[in-house]
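Listed below are the residues making up each chain.
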Amino acid sequence: MKIIGVGSVVPQKVLTNAMLEEFLDTSDEWITERTGISERRIITSELLEDMASEAARRAIADAGLAATDIDYIICSNVVNEYITPSMSCIIQGAIGAKCACVDVNAACSGFIYALDMADDRIKSGKAKNILVVAAEEPTRMVDWADRALCVLFGDGAGAVVVTEGEGYIASRLTTASKTSCLYYQRRLEPTPYITKEEKSAPMYMNGRDVFKTAVLSSSRDITALLKQTGLVPADIKHYVLHQANMRIVEAIASYLKLDMSHFPHNVERRGNTSSASIPLLLDELYQEGRLQRGDKILMSAFGAGFTTGACIFEWTK
Ligand code: COA
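These remarks concern the structure in this document. (Residues numbered from 1 in each chain as written. Predicted model: local features only at pLDDT ≥ 70, side-chain atom pairs only at ≥ 80, totals over all residues. Heavy atoms only, no water.)

### Quick notes on the state of the cysteines
What counts here: Our working definition of a disulfide is a cysteine sulfur pair at a distance within 2.5 Å. Only protein chains enter the area calculation, which uses a 1.4 Å probe; residues under 20% of their type maximum are buried, those over 50% are exposed, and those in between are partly exposed.
For the coordinates displayed, the defined rule picks out zero disulfides. Cysteine Cys99 remains unbridged, with the sulfur of Cys101 as its closest cysteine sulfur at 4.7 Å. Residue Cys99 is classed as buried on the basis of its relative accessible area of 11%. With relative accessibility at 22%, the residue Cys101 sits in the partly exposed group.

Structure representation (structure tokens):
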């Protein structure tokens with residue numbers, strides 16, 4: 001499998017730390033020091049499905065294909081306005097594709113899980129051109145009176161088109177069920193027969209626990225992938241890590257004894273956009289001309305579950 005097209009979309013509204021200070025007991029200093037985030041993009045009048053479809057159109061155009069050339073769509077998504085149908089079905093209709101579609105929810109690791117599913121499908125010969133989209137609106141999952149959480153997130157959608165080729169070198173997915181440290185719960189419709197107690201709760205996160213788990217698990221995945229492929233840390237041109245917190249990225253760089261020049265980041269302008277963060281950053285690097293043919297890129301993500309996903313691929317465009 002290789003990547004032949006990339007595209008992304010973020011909402012119009014820029015929400016700065018100073019704007020958060022207007023209604024929260026917080027400060028630009030606290031947010032910047034603890035997270036590296038200065039501003040984020042946040043959905044106002046946009047629909048996530050429109051952003052996802054536009055990111056998909058851009059990736060397909062970048063690949064030089066038509067929507068009818070796509071023969072499978074995988075969308076990574078945690079929430080949107082519909083429980084069903086899936087986001088990928090909505091994207092299919094909006095872009096005019098005709099293929100089978102499926103959504104995956106592996107939280108912030110979802111884009112890597114979706115890429116890996118695409119690789120399997122291409123290897124099995126069941127599909128040739130696959131659209132992988134990650135579309136997320138985590139700002140709709142948090143309590144906006146909770147200063148510890150709402151300052152962290154932003155919204156966005158990123159997409160890639162993959163096809164047969166020699167770009168995807170190795171991958172590693174892990175899950176360790178740890179549902180109590182990070183979750184978002186929604187009450188379902190009542191029935192006359194429900195006797196159990198049910199609740200809706202905005203996102204809960206034990207920040208310190210997640211921080212530690214994220215650094216340890218991502219460092220472990222990266223080390224394992226390098227070992228498996230016989231590469232050393234400096235062989236990787238770009239470590240495109242899930243953009244949750246600048247301190248997490250810095251801790252992983254320090255663990256690998258690499259300087260930050262190998263670790264592109266946009267968390268300072270985008271916040272944590274869940275599984276969309278990696279394709280958003282990849283598209284930025286691509287648009288800025290920072291990806292050269294032959295560059296080895298390592299992507300690594302972690303998220304609720306606790307899930308992790310990492311892969312190494314070569315830039316072949
Ligand atoms: N502004 C000002 N003060 C804040 C604040 C905010 N936005 N949010 C929390 N605080 C306060 C807390 O109330 C606490 O005050 P106290 O000491 O009086 O009780 C203090 O700051 C320290 O809070 P704590 O939660 O211990 O801070 P922290 O150093 O762990 O940083 C996070 C908090 C969330 C930034 C950090 O834990 C983190 O980034 N975790 C990982 C999050 C993540 O990556 N999640 C996504 C996974 S996909």
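### Describing the side chain of Thr308
Formally: Each helix is a run of H or I in the DSSP string that is no shorter than four residues. Each strand is a run of E no shorter than two, and both are numbered from the N terminus. Throughout this description, a polar contact denotes any pair of N or O atoms lying within 3.5 Å of each other; where both atoms belong to protein, one of them has to be capable of donating a hydrogen while the other can accept it, and for residues adjacent in sequence the pair is counted only when both atoms sit in side chains. Throughout, a contact is declared for two residues whenever any of their heavy atoms are within 4.5 Å.
The residue Thr308 is located in strand β13 (residues 307–314) in this model. A relative accessible area of 2% means that Thr308 is categorised as buried. Within the local environment of Thr308, its side chain forms a polar contact with the side chain of Thr174, the two groups lying 2.6 Å apart. If we skip the residues at most four places from it in the chain, Thr308 touches Ser109, Tyr113, Arg172, Leu173, Thr174, Ser217, Arg220, Asp221, Ala301 and Phe302.

### A few points about the packing of helix α7 (residues 207–229) against helix α8 (residues 246–255)
Rule in force here: In this analysis, axes come from line fits to C-alpha atoms, helices being fitted only over the stretch in contact, and the angle between any two N-to-C directions falls in the range 0 to 180 degrees. Oblique is the label for any angle not under 35 degrees, not over 145, and not in the 65 to 115 range, which are roughly parallel, roughly antiparallel and roughly perpendicular in turn. The handedness criterion is simple: a crossing whose near helix is rotated anticlockwise from the far helix by less than a right angle is left-handed, and one whose near helix is rotated clockwise is right-handed. Polarity classes work like this: nonpolar for Ala, Val, Leu, Ile, Met, Phe, Trp, Tyr, Cys and Pro, charged for Asp, Glu, Lys and Arg, and polar for all others, with Gly in that last group.
Packing of α7 against α8 brings their axes to within 10 Å, and their N-to-C directions diverge by 40°. Between α7 and α8, the angle falls in the class oblique. Crossing of α7 over α8 shows right-handed handedness. Note on element contacts: α8 touches α7 through Arg247, Ile248, Ala251, Ile252 and Tyr255, opposite Phe211, Ala214, Val215, Ser218, Ser219, Ile222 and Thr223. Along the lines of polarity and charge, the residues of the contact of α7 with α8 split into eight nonpolar, three polar and one charged.

### Structural notes on the sheet that holds β13
Using the following cut-off: Two strands form a pair only when DSSP identifies at least two bridges running between them.
Pairing is mixed across the open sheet formed by four strands, whose spatial order is β8-β13-β12-β11. With one partner strand each, in any of the chains shown, β8 (168–175) and β11 (238–241) form the two edges of the open sheet. Going from strand to strand, the sheet's axes swing by 10° on average, the running direction of each strand aside.

### Some remarks on the environment of Gly110
Relative to the elements of secondary structure, Gly110 occurs in helix α5 (residues 110–123). A C-alpha to C-alpha distance of 8.6 Å links Gly110 and Val78, two positions 32 residues apart in sequence. Ignoring any residue separated from it by four or fewer positions in sequence, one finds Gly110 in contact with Ser76, Val104 and Ser275.

### Notes on the packing of helix α3 (residues 48–62) against helix α4 (residues 87–95)
Direction vectors running N to C along α3 and α4 enclose 60°, while the axes themselves pass 9 Å from each other. Taken as axis vectors, α3 and α4 run oblique relative to one another. The hand of the α3/α4 crossing is right-handed. Contacts between α3 and α4 involve Leu48, Glu49, Ala52, Ser53, Ala56, Arg57 and Ile60 from the former and Met87, Ile90, Ile91, Ala94 and Ile95 from the latter. Partitioning the contact of α3 with α4 into residue classes produces nine nonpolar, one polar and two charged.

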